[in-house]
Amino acid sequence: MRVSSMQRGALRRYGAVPAAGLFAVCFALPLAALVGAAFDGGGRAFAAVFGDPLVADAIVRSLALAIGAGTLSVAVGVPVAFVLAGQSPARRRWSLALLGVPLAFSGLVIAYGFILVFGRAGFVTTLLASLGADPTVVGGAIYTMPGLAFAYAYYLIPRVALILYPALANLDRRPLEAALTLGARPWRAWFDVAWRELWPSIASAWCLVSAIALGTYGTALALAGTQINILPLLMYLKLSDGQTDFSQAAVLSIVLTALCTCVLALGEGLARQRHH
């Protein structure tokens, strides 16, 4: 018993050391290197970046893309989570396994898959063209901002469903049933009772997937190249085409990190409201 108590004490004291080491190696040290690179030359890179109109445009477009992809993912992911919560355990296991499939692919694989299906010579484009649609318009849509949001939603929807499924499965339905018994209409009962319980989780899921969309790189590069001005692709431009401007790329990385952190912090704050 004494040994077990000592082990528990050691675990409480040193159990976080591996996680702290991983955090330092994978986040703190790279961030410190970025800050150091950004201030090379006396911080002139900050003036160059924030004085560039392309950067302001990239920030606006990146936020618009993140909001669009996050909203689309939540709009589809919430009903999927409802379906998961109502399934039998056996069927739910299969559904959860299928939902995990999009999460296993890299962004490049997803992008090429969307090109094969929705591109200018894709299956869906060819099918719609046979029905009279313009293949140039239909096939070119996947390479636009809405097309990127649609592609992002492919692997963000499962994240929303997996995040919200436990909240829906554990939802206390007794207040909802009481409201219905007292004569409330179903939509009013859901809005006044269930929505007040679920909206912090839904908003938190929206913030998480929006932050992921904000920093996604591979899918955007494969679909749009550098034709769409968003922050991840602007960073790519700073390190390619013979520019190799590490200082400005570091500043853009810090800006992108700050934006993602703010969105995630908003989601964390909303999630805490669920417990108060």
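Note that this is a predicted model, so its numbers are computed, not measured.

**Student:** Explain the UniProt feature "transmembrane region" (unreviewed entry) in the chain residue by residue, including any values.
**Tutor:** The sites that UniProt annotates as "transmembrane region" (unreviewed entry) are residues 63-84, 96-117, 137-157, 205-226 and 246-266. Taken as a whole, residues 137-157 contains 81% helix and 0% strand, while its terminal C-alpha atoms sit 26 Å from one another. The span residues 246-266 carries 100% helix and 0% strand; its end-to-end C-alpha distance comes to 30 Å.

**Student:** Report on the confidence of the model for the chain, specifying residues and quantitative values.
**Tutor:** Mean pLDDT for the chain: 84, with 92% of residues reaching 70 or above. Averaged over each element, pLDDT in the chain is lowest for helix α1 (residues 2-14) (60) and highest for helix α4 (residues 53-86) (92).

**Student:** Kindly report on the nonpolar core, identifying the contributing residues and their values.
**Tutor:** Generally speaking, a soluble globular protein has its nonpolar side chains buried in company with each other. Ranked by internal contacts, the top residues of the largest apolar core, which has 56 residues, are Y152 and I230. Counting only elements with at least two residues in this core, the list comes to α3 (44-50), α4, α7 (107-118), α10 (145-169), α12 (186-215), α13 (218-224), α14 (231-238) and α15 (246-273). Element by element, the count of residues in this core is highest for α10, at 13 residues. Residues within four places of I230 in sequence aside, it is in contact with A58, R61, S62, L65, M145, Y152 and A220.

**Student:** Tell me about α14, residues and numbers included.
**Tutor:** Within α14, six of the eight residues are buried, leaving the element largely enclosed by the surrounding structure. Restricting attention to buried positions, one finds in α14 the residues L231, P232, L233, L234, M235 and K238.

**Student:** Describe helix α5 (residues 89-99), naming the residues involved and giving the relevant values.
**Tutor:** Of all the residues in α5, the buried ones are R92, S95 and L99. In an axial view of α5, the angular spread of the buried residues amounts to 65°, which keeps them on one side of the axis. Away from its buried face, by an angle of more than 90 degrees, α5 presents the exposed residues R93, W94 and L98. Against α4, α6 (101-104) and α10 lie the buried residues of α5.

**Student:** Let's hear about the packing of α10 against α12: which residues, and what values?
**Tutor:** In contact at an axis separation of 10 Å, α10 and α12 are set at 155° when each is read in the N-to-C sense. By the angle class used here, α10 and α12 are roughly antiparallel. Crossing handedness for the pair α10 and α12: right-handed. Together, Y152, L156, R159, V160, I163, L164, A167 and L168 of α10 and L198, S201, I202, A205, L208, V209, I212 and A213 of α12 make up the contact between the two elements. Among the residues making up the contact of α10 with α12, the classes are represented as 14 nonpolar, one polar and one charged.

**Student:** Could you give me a rundown of the side chain of T216, with the residues and numbers involved?
**Tutor:** As for its placement among the helices and strands, T216 is situated in the loop between α12 and α13. The exposure class of T216 is buried, given its relative accessible area of 11%. At a separation of 3.5 Å, a polar atom in the side chain of T216 contacts the side chain of Y155. A distance of 2.7 Å separates a polar side-chain atom of T216 from the backbone oxygen of I212. Beyond its immediate sequence surroundings of up to four residues, T216 is in contact with Y152, Y155 and P232.

**Student:** Provide a residue-level description of a nonpolar patch on the surface, including the pertinent values.
**Tutor:** A surface patch of nonpolar side chains, amounting to about 450 Å² of accessible area, comprises L98, V101, F105, V109 and Y154. On the secondary structure map, Y154 appears in helix α10. According to the relative accessible area criterion, Y154 is partly exposed, its value standing at 33%.

**Student:** Explain the pattern of salt bridges to me, and be specific about the residues and the numbers.
**Tutor:** Scanning the model with the defined rule gives one salt bridge in all. In this structure, D57 and R61 form a salt bridge, with 3.0 Å as the shortest nitrogen-oxygen distance. Taken together, the residues span about one helical turn, with D57 and R61 both in helix α4 at a distance of four residues. Using a relative accessible area of 30% as the deciding quantity, one classes D57 as partly exposed.

**Student:** Pulling in residues and values, what's your account of the domain arrangement of the chain?
**Tutor:** On domain assignment, one finds that the chain holds domain 1 (1-38) and domain 2 (42-271). Every contact between the two is made by four residues of domain 1 and, on the other side, eight residues of domain 2. Note on domain 1 versus domain 2: buried area summed over both sides is about 500 Å², and carbon and sulfur give 78% of it. The largest share of the area that domain 1 buries against domain 2 comes from L34, A37 and A38, three residues that together contribute 80% of it. In this assembly, domain 1 and domain 2 are joined by one residue pair in polar contact (both at pLDDT 80 or more). For the side of domain 1 that touches domain 2, the class distribution of residues is four nonpolar, no polar and no charged.

About the cut-offs
Residues numbered from 1 in each chain as written. Predicted model: local features only at pLDDT ≥ 70, side-chain atom pairs only at ≥ 80, totals over all residues. Heavy atoms only, no water. UniProt positions renumbered as here; feature names shortened; annotations may be inferred. Helix = DSSP H or I, 4+ residues; strand = E, 2+ residues; numbered from the N terminus. pLDDT = per-residue confidence, 0-100. Core = buried A, V, L, I, M, F, W, Y, C linked by side-chain atoms within 4.5 Å. Buried < 20%, exposed > 50% of the residue type's maximum accessible area, 1.4 Å probe, protein only. Contact = heavy atoms within 4.5 Å. Arc of directions from axis to C-beta. Axes fitted to C-alpha atoms, helices over the stretch in contact; angles between N-to-C directions. Parallel < 35°, antiparallel > 145°, perpendicular 65-115°, else oblique. Left-handed = near helix turned anticlockwise from the far one by under 90°. Nonpolar A, V, L, I, M, F, W, Y, C, P; charged D, E, K, R; others polar. Polar contact = N/O pair within 3.5 Å; in protein donor to acceptor, adjacent residues only side chain to side chain. Patch = residues over 30% accessible without salt bridge, like charges linked within 9 Å, V, L, I, M, F, W, Y side chains within 5 Å. Areas by Shrake-Rupley, 256 points an atom, 1.4 Å probe, with all protein chains shown as cover. Salt bridge = Lys/Arg side-chain N within 4 Å of Asp/Glu carboxyl O. Domains from an automatic or database assignment. Buried area = accessible area lost by both parts, 1.4 Å probe.

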